[in-house]
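# Secondary and tertiary structure notes
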Amino acid sequence: MCGIVGYIGNRDCTEILLGGLEKLEYRGYDSAGLALVDVDNNIILKKALGKLVNLKEEFKGFKNECHLGIGHTRWATHGRPSVKNAHPHLDCQERFILVHNGIIENYEELKEELINNGHTFQSDTDTEVIVHLVEENFDGDLLEAVKKTINTIDGAYALGIMDIKDPEILIAARHGSPLVVGGNEDEKFIASDTPAILKYTRKIFYMDDREIAVLKRNSIYFYDYEGKKIEKMHRILNWDPLMAEKAGYDHFMLKEIYEQPRAVRETLFSKIKKEKFFFEDLKIDKERLKDLRKINIVACGTSYHASLIGKFIFEKVLRIPVDVDYASEFRYRDPILDKDSVVIVVSQSGETMDTLEALRIAKDKGAYTIAIVNVFGSTMSREADGVIYTIAGPEIGVASTKAFTSQLMTLYSLSVYLGEKLGICFESDNVVRTLKTLSPMIETVIDDVDIYKQIATNYHKATDFLYLGRGINYPVALEGALKLKEISYIHAEGYPAGEMKHGPIALVENEVPSVFVVNKSPLYKKVISNIQEISARDGIIISIATNGDNLIQKYSNKVIYIPEIEEFYSPLLTVIPTQLIAYFIAKKRGADIDKPRNLAKSVTVE
Ligand code: M6R
């Protein structure tokens, strides 16, 4: 949460930094701020409440040439959203300027001490203590002051720090919050995430915890917290910067929904060689798997819903029990794991704090850890024993869509790969063939856009929605409900359809729509009965059914058809209508789809 960006170099950087913040706005948008040093050594500090457009407004007509600057987009934790709490923050002498992503846990003690030492605070944030500590610790050498400071603070942080009196240096530090450094010959960047700087450089260094970077126009040096120089390897990213643009769509979410045929296809193709599954970065051998008795999958939010589907997939293919946990619960429940356990963490960002901590706990207990992540070089991808990338490309919309379907594609592929390693599954050619048919099918489900618009027109004023499914489609119901509530703010609940009668059915009345996943499956007739239970109470029925199912018309107010597919693979199709229903309802309600209130894309705090 929160995004930071910084620049030092030969170009005029105001637009570069504002553009970078735009790419990071998915991380928070309660306020934004930018500090610049111009060529005459004037300091320009502007902040604005709310979204970045407000800050951009402040910069209208701004002409000063600047070669050094840091910016911030905020997701409020300590101190309500306001201009005074917006970053960057200054010390008492207004010499040091700082941006921060993370939480300083011991800030109250530090603040009290600093106030006793005569410091005056301007904001209610935890962050401000850091810049006062830099001031307190400064003795002519900024690196030394930063080093002393970060050895005093506890918590998570990615920092960017400038000294107005020395505009030839920019310092960054990381512990617990993501931070990348990038650069060309005569310019250097820092950012919370690569899309912020991808337009200018593809040469990226991923900072690790307890590292400091000293950036000058022509050099970058990395240090540990003891001040020892570290050699770091850079990577050249091949993400196309255009992937992080809206490309004519009204919203990133819609663009990302439309990208799903490509995303799942590329994810699948990246995992097959000669029609067999092949996982390049998964160094797991037969020996490691021979005593495998259980798999744990751990994730948050939409990734958790993909993991629940993963349980159905793995249990069917491998016949090994699978536990799925919310990362925020897993990390505190002292999970029973040992060296024979395999723990899979699933995350779009690869940075979600709870999931990352769960991964660390699993590693500490000796489990073999696998990270399924979308962001190349993310912390999870670097800390897990094995990594599998989904090839969704940058996902900017806060509501996750293409990451979800790419995660499913990965879970299908991985299950068969492990099954072959275990010698219990020899069907990979068949599975590959079926999975290849899914991308064009997704395309047809997306294309029938009128039905989603009609549903939005008819039901966007509803105050409650229910989402219901059974078996492998029960997690799709959970995902559909999450999608609707996060972007439209309509109360929605996802349930296994058979569970309705044990409580939630009390919510049903004539203005409550229930979205049923009722595709072809052995439980089809049972779901029809569940639909009838709701119809009998005047509820509105929207069904996601299989092409050719005419019977369902009789029981539904609206039917969305998906192509015929084995139930086992159907979540890759059934989830698409739930995304589009949420999108068009939110649009009809005039909601801010890509930046829903109170949310941030990457949740890097507990
Ligand atoms: O980056 P991650 O997949 O770890 O993120 C997990 C959740 O924060 C995320 O899926 C969240 O629930 C989305 N906003 C859902 O659309």
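Residues numbered from 1 in each chain as written. Predicted model: local features only at pLDDT ≥ 70, side-chain atom pairs only at ≥ 80, totals over all residues. Heavy atoms only, no water.

### What about the UniProt feature "active site" (unreviewed entry) in the protein?
Mapped onto this structure's residue numbering, the UniProt feature "active site" (unreviewed entry) falls at Cys 2 and Lys 601. Across 600 residues in sequence, these annotated residues keep their C-alpha atoms within 9.5 Å of one another, forming a single compact spot. Here Cys 2 is to be found in the segment before β1 (3-9). The class for Cys 2 is buried, based on a relative accessible area of 7%. Sequence-distant contacts of Cys 2, that is, excluding residues within four places in its chain, are made with Arg 27, His 72, Thr 73, Arg 74, Trp 75, His 100, Asn 101 and Ser 192. Turning to its location among the elements, Lys 601 is positioned in the segment after α19 (571-588). Excluding residues that lie within four positions of it along the chain, Lys 601 makes contacts with Tyr 26, Arg 27, Gln 348, Glu 395, Ile 396, Gly 397, Val 398, Ala 399 and Ser 400. (UniProt positions renumbered as here; feature names shortened; annotations may be inferred. Helix = DSSP H or I, 4+ residues; strand = E, 2+ residues; numbered from the N terminus. Buried < 20%, exposed > 50% of the residue type's maximum accessible area, 1.4 Å probe, protein only. Contact = heavy atoms within 4.5 Å.)

### Focus on the site of the ligand
Close contacts around the ligand come from 13 residues, with Ser 303, Ser 347, Ser 349, Thr 352 and Glu 486 the closest. A distance of 2.8 Å separates an oxygen atom of the ligand from a polar backbone atom of Ser 400. Measuring from an oxygen atom of the ligand, one finds a side-chain N or O atom of Glu 486 at 2.4 Å. Considered on its own, the ligand offers 410 Å² of accessible surface; in the complex 91% of this is hidden by protein. For the shell around the ligand, the secondary structure elements donating two or more residues are α9 (301-318) and α16 (474-488). The element best represented in the shell around the ligand is α9, accounting for three residues. Residue composition of the shell around the ligand, by class: three nonpolar, eight polar and two charged. (Near = heavy atom within 4 Å. Polar contact = N/O pair within 3.5 Å; in protein donor to acceptor, adjacent residues only side chain to side chain. Areas by Shrake-Rupley, 256 points an atom, 1.4 Å probe, with all protein chains shown as cover. Nonpolar A, V, L, I, M, F, W, Y, C, P; charged D, E, K, R; others polar.)

### Observations regarding the packing of helix α13 (residues 402-421) against α19
Look at α13 against α19: their axes get within 10 Å of each other, and the N-to-C directions meet at 170°. By the angle between their directions, the pair α13 and α19 is classed as roughly antiparallel. Together, Phe 404, Thr 405, Leu 408, Met 409 and Tyr 412 of α13 and Pro 571, Leu 572, Val 575 and Ile 576 of α19 make up the contact between the two elements. Residue composition of the contact of α13 with α19, grouped by class: eight nonpolar, one polar and no charged. (Axes fitted to C-alpha atoms, helices over the stretch in contact; angles between N-to-C directions. Parallel < 35°, antiparallel > 145°, perpendicular 65-115°, else oblique.)

### Considerations on the pairing of strand β9 (residues 180-184)
Here β9 lies mainly inside the structure; four of its five residues are buried. Both β9 and strand β10 (residues 187-191) contribute to a ladder of five bridges, which runs antiparallel. Bridge pairing in β10 links Val 180 to Ala 191. Between β9 and β10, which follow one another and run antiparallel, lie two residues. Here β9 runs beside strand β11 (residues 203-206); their pairing, made up of three bridges, is antiparallel. (Pairing = 2+ DSSP bridges.)

### Let's talk about α19
Taking 1.5 Å per residue, 18 residues should reach 26 Å; α19 reaches 26 Å between its end C-alpha atoms and fits that length. Counting buried positions over the 18 residues of α19 gives 16, a clear majority of the element. One or two steps after α19, the chain reaches Gly 590, where phi turns positive at roughly 70°. (Expected span 1.5 Å × (residues − 1).)

### A few points about the side chain of Thr 267
Tracing the chain through its elements places Thr 267 in helix α7 (residues 260-269). In this structure the side chain of Thr 267 is engaged in a polar contact, spanning 2.7 Å, whose partner is the backbone oxygen of Ala 263. When sequence neighbours within four positions are dropped, the list of residues in contact with Thr 267 reads Thr 390, Ile 391, Ala 392, Ser 406, Met 409 and Thr 410.

### Looking at α16
Residues spaced three or four apart along an α-helix point in a common direction, a consequence of the helix completing one turn every 3.6 residues. For α16, spanning 15 residues, the distance from its first C-alpha to its last is 21 Å, which sits close to the expected 21 Å at 1.5 Å a residue. With its phi angle positive at about 65°, Tyr 489 sits one or two positions after the end of α16.

### With respect to a negative patch on the surface
A contiguous patch of negative charge on the surface is contributed by Glu 105, Glu 108, Glu 109, Glu 112, Glu 113, Glu 136 and Asp 154. It is helix α3 (residues 107-116) that contributes the most residues to the negative patch, four residues altogether. Locating Glu 109 in the fold gives a position in helix α3. (Patch = residues over 30% accessible without salt bridge, like charges linked within 9 Å, V, L, I, M, F, W, Y side chains within 5 Å. Salt bridge = Lys/Arg side-chain N within 4 Å of Asp/Glu carboxyl O. Lys, Arg positive; Asp, Glu negative; His and termini not counted. Charge placed at Lys NZ, Arg CZ, Asp CG, Glu CD.)

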